[in-house]
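The chain contents come next:
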Amino acid sequence: MNKNMEITKRTENMVEKQQDLATIAPVVDIYENDEEILLHADMPGVTKDKISVNVDNGKLEISGVRNLQRKGVETWQEFYDVEYKRVFSVPQTIDVAKVNAELKDGTLKLHLPKAEAAMPRTIEIRSA
Amino acid sequence: MWTRMNDIDRMFSAMDLLRSINSDRSYGESSGWRVAGGFPKTNMYDNGDSFQMIAEVPGVNKEDLNIRIQGNYLEISGTRKSDAPEGYKTHRVERNLSTFTRSFTLAADVDADKIDAVLKDGLLTLVLPKAESAKPKQITIN
């Protein structure tokens with residue numbers, strides 16, 4: 001590859017990188033009770049089909065892409081098309097098969113149920 | 001050599017400024033993440049005959065939003081209420097609750113009767129048709 005071709009290739013790569021979406025971490029609230037862990041994440045403008053939730057090997061990854069529907073010339077802009085992405089460590093006691101998610105008003109609500117074995121139990125004391 | 005506190009303050013101010021420019025959300029002195037530059041973040045587009053405004057309002061219900069318009073003065077206000085479930089322990093809170101108001105002076109008067117407001121997926125989209133007198137006009141040259 002001659003020098004000119006190399007520079008052209010590098011410039012193309014830079015342009016490609018600029019077209020990539022910026023990745024930001026969504027803000028989250030996390031709650032827990034005896035049965036489950038709840039995670040609420042703000043992802044405004046992301047539709048259901050653009051969200052993915054993966055639980056694997058003790059890692060929970062949530063991600064989503066936002067493509068804004070614009071009309072006209074922008075006068076000012078404070079937010080952009082973005083990719084939301086965040087990874088959490090989750091306890092191995094989560095029952096992965098029962099994880100469920102809902103999306104409401106731009107907030108992703110994840111229910112992470114605990115496995116039966118991890119739930120608190122009351123031990124009955126027998127009389128001797 | 002002694003360094004005056006003013007110099008240290010100035011250095012931290014510059015760091016805060018850089019952080020707010022380079023990241024969408026900056027980590028504040030208070031616990032949790034805060035949105036730099038006010039809430040809600042808004043975008044504005046001019047479509048010739050109308051303006052389109054989009055505001056990020058995740059977790060805010062329709063009933064908790066107010067929109068007021070007078071001439072070219074637009075005000076969006078609302079409250080973001082807690083959605084913390086009862087009986088749960090809280091491990092982390094980054095989604096701040098707030099009562100907010102943002103006001104804007106638009107570049108032209110709008111027709112208040114024809115404004116369309118839609119709240120979907122945590123985004124409030126307003127279409128604000130310009131008043132007849134403010135719309136662009138084609139001038140025919142005789």
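Scroll up to find the structure this text is about.
Just so we're clear, the structure is a prediction, and the values are computed from it rather than from any experiment.

Enquirer: I'm lost on the nonpolar core in this one. Help?
Expert: One broad trend across soluble globular proteins is that nonpolar side chains are buried collectively. Among the nonpolar cores identified, the biggest contains 19 residues, and Leu39, Leu60, Ile62, Phe88 and Leu108 of chain A are the most heavily contacted of them. Those elements that place two or more of their residues in this core are strand E2 (28-32), strand E3 (36-42), strand E5 (59-65), strand E7 (82-89) and strand E9 (107-113) of chain A. Once you skip the residues sitting within four places of it in the chain, Leu108 of chain A turns out to touch Leu39, His40, Ala41, Met43, Ile51, Val53, Ile62, Ala101, Glu102 and Leu103 of chain A. Counting 17 residues, the second-largest nonpolar core is a separate cluster that includes Met53, Ala55, Phe104 and Leu124 of chain B.

Enquirer: It is not clear to me how the environment of Pro44 of chain A should be interpreted in this structure. Could you clarify?
Expert: Summarising the element assignment, Pro44 of chain A is placed in the loop between E3 and strand E4 (51-56). Not counting chain neighbours up to four residues away, the residues in contact with Pro44 of chain A comprise Arg66, Tyr84 and Gly106 of chain A together with Glu56, Pro58, Asp121, Gly122 and Leu123 of chain B.

Enquirer: How should I be thinking about the sheet that holds strand E7 (residues 89-93) of chain B in this particular structure?
Expert: Pairing between sheet strands relies on hydrogen bonds along the backbone, with the strands arranged either parallel or antiparallel. An order of E8(A)-E9(A)-E3(A)-E2(A)-E7(B) is seen for the 5 strands of this open sheet, with the pairing classed as antiparallel. The outermost strands of the open sheet, each flanked by one partner alone, are strand E8 (100-104) of chain A together with E7 of chain B. Across the sheet, the axes of successive neighbouring strands diverge by a mean angle of 15°, strand direction being ignored. With 5 bridges joining them, E2 of chain A and E3 of chain A adopt antiparallel strand pairing.

Enquirer: Please explain the interface of chain A and chain B as it appears in this structure.
Expert: Interfaces are often sized by the accessible area lost when the parts come together. Chain A puts 38 residues into the contact, and the matching count from chain B is 39 residues. Where chain A abuts chain B, roughly 3,500 Å² becomes buried across the two surfaces, and 51% of that area is made up of carbon and sulfur atoms. Sorting the residues of chain A by area buried against chain B places Trp76, Glu78 and Phe79 of chain A first, and these three jointly supply 19% of that buried surface. There are 7 salt bridges connecting chain A and chain B. Asp29 of chain A is paired through a salt bridge with Arg95 of chain B; the nearest N and O atoms lie 3.1 Å apart. Of all the elements in the fold, those that place two or more residues in the side of chain A that touches chain B are E2, E3, strand E6 (73-77), E7 and E9 of chain A.

Reading the values: rules and limits
Residues numbered from 1 in each chain as written. Chains lettered and ligands numbered in written order. Predicted model: local features only at pLDDT ≥ 70, side-chain atom pairs only at ≥ 80, totals over all residues. Heavy atoms only, no water. Core = buried A, V, L, I, M, F, W, Y, C linked by side-chain atoms within 4.5 Å. Buried < 20%, exposed > 50% of the residue type's maximum accessible area, 1.4 Å probe, protein only. Helix = DSSP H or I, 4+ residues; strand = E, 2+ residues; numbered from the N terminus. Contact = heavy atoms within 4.5 Å. Pairing = 2+ DSSP bridges. Axes fitted to C-alpha atoms, helices over the stretch in contact; angles between N-to-C directions. Buried area = accessible area lost by both parts, 1.4 Å probe. Salt bridge = Lys/Arg side-chain N within 4 Å of Asp/Glu carboxyl O.

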